[in-house]
Amino acid sequence: MGSKKKWILNTVFLLVILGLTCFGMLHGESPRELLHLLDGANGWYWLTGLCLVVAFICCESLILRILLDYVGERVRRGHCLLYSFIGFFFSSVTPSAGGGQPAQVYFMHKDGLDPGITAPVLVVVTIFYKLVLVLFGILVLILKPVEIMNAPEAARIWCFAGWLLNVGAVFVFCLLIFRASGVERAVKWLLGPLGRFVKRERLVRWETRLEKSMQKYREVTDCMQKNLGLFAAVAAISIIQRSLMFAIPWLVLRSFGIAGGTLPGIVIMQAMVSLGTDLLPLPGGTGANEALFLLLFEGLCGETMVLPVLLASRGISYYGQLLVSGLISLYGAAVIGKRRKHDRIL
């Protein structure tokens, strides 16, 4: 019952944010003129952008496959894809993308994978996913691209604040990998007060399961720390992964016949949009993402075209992703856990 209430609240919250965002963007605009501008775009570029969204999600499944193989968990390639689509769907509809990893842990557990193994794997995925944004921020500080330097001061401050938050997040997640003993103490401390509300027998069962999972957690983190090449491979794929998504505005600009801006420059600008909104407690950064996009891209697109470019870019990268991942997540929920454990192994 509590899960249903949470779903309802998250859905209502998302719809309210979407409504306010649409009102803020479209207020004072002519719907007919806007539709005319959108209708003039080359749809093949948009279709290519949607393919990049799928490739973006597939990159995470490749990372999961590499990490799970390394720690000795052989799973079907198709199931790694399902875990990734499920993760991105739940990340898209929950504040601060906080529902993605718990959903993945749940479905991996249904597939027979111990949370003590999957949790550190997903922490590593998250570290490098956010570290790419931090690296893009450092790149901007070094290269000082004109597009960013000429942006309004509010946008630059916004991006810098997002960079600091992501640096802090990466630091905290690194502690989860390199200080596993601290994680164990924290979990036991959180479990302690539950003794007042549950029966002793149940608490003992929970503690026994926790000890087994934490032992696996320590083994996995110790194993990963011994292979820096593994981290290098994950980092390389993560850079490619996020660059694919950040390239979507460049395709949209070309679809409207706007020649301004190089591909690397557009990728960096979109990275700054994600950097500024990544950790805000909003589903998909809705509202904040659009506002920062308008601030950064108006100088490149012009006042007339920046809104159509925003709508198309956001439609592909967020709503397109939401639709595709949602449909595949429905399939994943139906098939994951239906096979016996030995059937998962290739």
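Everything below is about the structure shown above.
Residues numbered from 1 in each chain as written. Predicted model: local features only at pLDDT ≥ 70, side-chain atom pairs only at ≥ 80, totals over all residues. Heavy atoms only, no water.

Topic: unusual backbone geometry
Cut-off, in case you're wondering: Here a helix means four or more residues in a row that DSSP labels H or I, a strand means two or more in a row labelled E, and each is numbered from the N terminus.
Even without a glycine there, the phi angle at Lys144 is positive, about 50 degrees. Mapped onto the elements, Lys144 comes out in the loop between helix 6 (115-143) and helix 7 (146-149).

Observations regarding the nonpolar core
To be explicit about the condition: Here the nonpolar core consists of buried residues drawn from Ala, Val, Leu, Ile, Met, Phe, Trp, Tyr and Cys, with membership extended through side-chain atoms lying within 4.5 Å. Accessible area is worked out with a 1.4 Å probe on protein chains only. A residue is then buried under 20% of its type maximum, exposed over 50%, and partly exposed in between.
One finds Leu67, Met224, Met272, Leu296 and Phe297 to be the most contacted residues of the largest nonpolar core, which totals 83 residues. If one sorts the elements of this core by residue count, helix 6 sits on top with 14 residues.

Section: helix 13 (residues 263-277)
An α-helical turn contains 3.6 residues, so any two residues separated by three or four positions project in the same direction. This is how the line gets drawn: Multiply 1.5 Å by the residue count of a helix minus one, and that product is the helix's expected span.
With 15 residues, helix 13 ought to run about 21 Å at 1.5 Å a step, and its terminal C-alpha atoms sit 22 Å apart, in line with that. Helix 13 sits mainly inside the fold: 13 of its 15 residues count as buried.

Some words on helix 5 (residues 100-110)
Put simply, the test is: Note that the arc is computed from the directions linking the helix axis to the C-beta atoms.
When helix 5 is considered as a whole, its buried residues turn out to be Gly100, Ala103, Gln104, Phe107 and Met108. For helix 5, the angular spread of the buried residues around the axis is 130 degrees, confining them to a single face. Directly beyond the C-terminal end of helix 5, a positive phi value near 95 degrees is found at Gly112.

Let's talk about the packing of helix 5 against helix 6
As a reminder of what qualifies: Under this scheme, a helix contributes an axis fitted over its contacting stretch, all axes are lines through C-alpha atoms, and angles between N-to-C directions fall in the 0 to 180 degree range. The hand of a helix crossing depends on one turn: near helix anticlockwise from the far one by less than a right angle means left-handed, and clockwise means right-handed. Two residues qualify as a contact provided that any one of their heavy atoms is within 4.5 Å of a heavy atom in the partner residue. In this classification, the charged set is Asp, Glu, Lys and Arg, the nonpolar set is Ala, Val, Leu, Ile, Met, Phe, Trp, Tyr, Cys and Pro, and all remaining amino acids, among them Gly, are polar.
Packing of helix 5 against helix 6 brings their axes to within 10 Å, and their N-to-C directions diverge by 145 degrees. In this structure, helix 5 meets helix 6 at a crossing whose hand is right-handed. Facing helix 5, whose interface residues are Gln101, Gln104, Val105, Met108 and His109, helix 6 presents Pro115, Thr118, Leu122 and Thr126. Per-class residue counts for the contact of helix 5 with helix 6 are 4 nonpolar, 5 polar and no charged.

Brief notes about the packing of aromatic side chains
So the rule is basically this: Note on aromatic contacts: the rings of Phe and Tyr and the six-membered ring of Trp form a pair at centre separations within 6.5 Å, being stacked when their planes are under 30 degrees apart, edge-to-face when over 60 apart, and tilted otherwise. Put simply, a charge is over a ring when the Lys NZ or the Arg CZ is close to the ring centre, within 6 Å, and near the line of the ring normal, within 35 degrees.
Counted by the stated rule, this structure contains 11 aromatic pairs. Each ring, one from Phe89 and one from Phe90, has its centre 5.4 Å from the other, and the planes form 80 degrees; the classification is edge-to-face. Look at Phe89 and you get buried, because its relative accessible area is 16%. Among the aromatic residues, those joined into a ring-pair cluster are Phe56, Phe88 and Tyr129. Sitting over the face of the ring of Tyr318, Arg314 holds its NZ or CZ atom 4.4 Å from the ring centroid.

Description of the pattern of salt bridges
Selection criterion: Within this document, salt bridges are pairs made up of a side-chain nitrogen of Lys or Arg and a carboxyl oxygen of Asp or Glu, the two lying within 4 Å of each other.
The tally for this structure, following the rule as stated, stands at 2 salt bridges. Notably, a salt bridge pairs Asp69 with Arg65, separated by 3.5 Å at the nearest N-O pair. Of this pair, Asp69 and Arg65 both sit in helix 3 (residues 43-70), separated by 4 residues, roughly a single helical turn. For Arg65, a relative accessible area of 9% puts it in the buried group.

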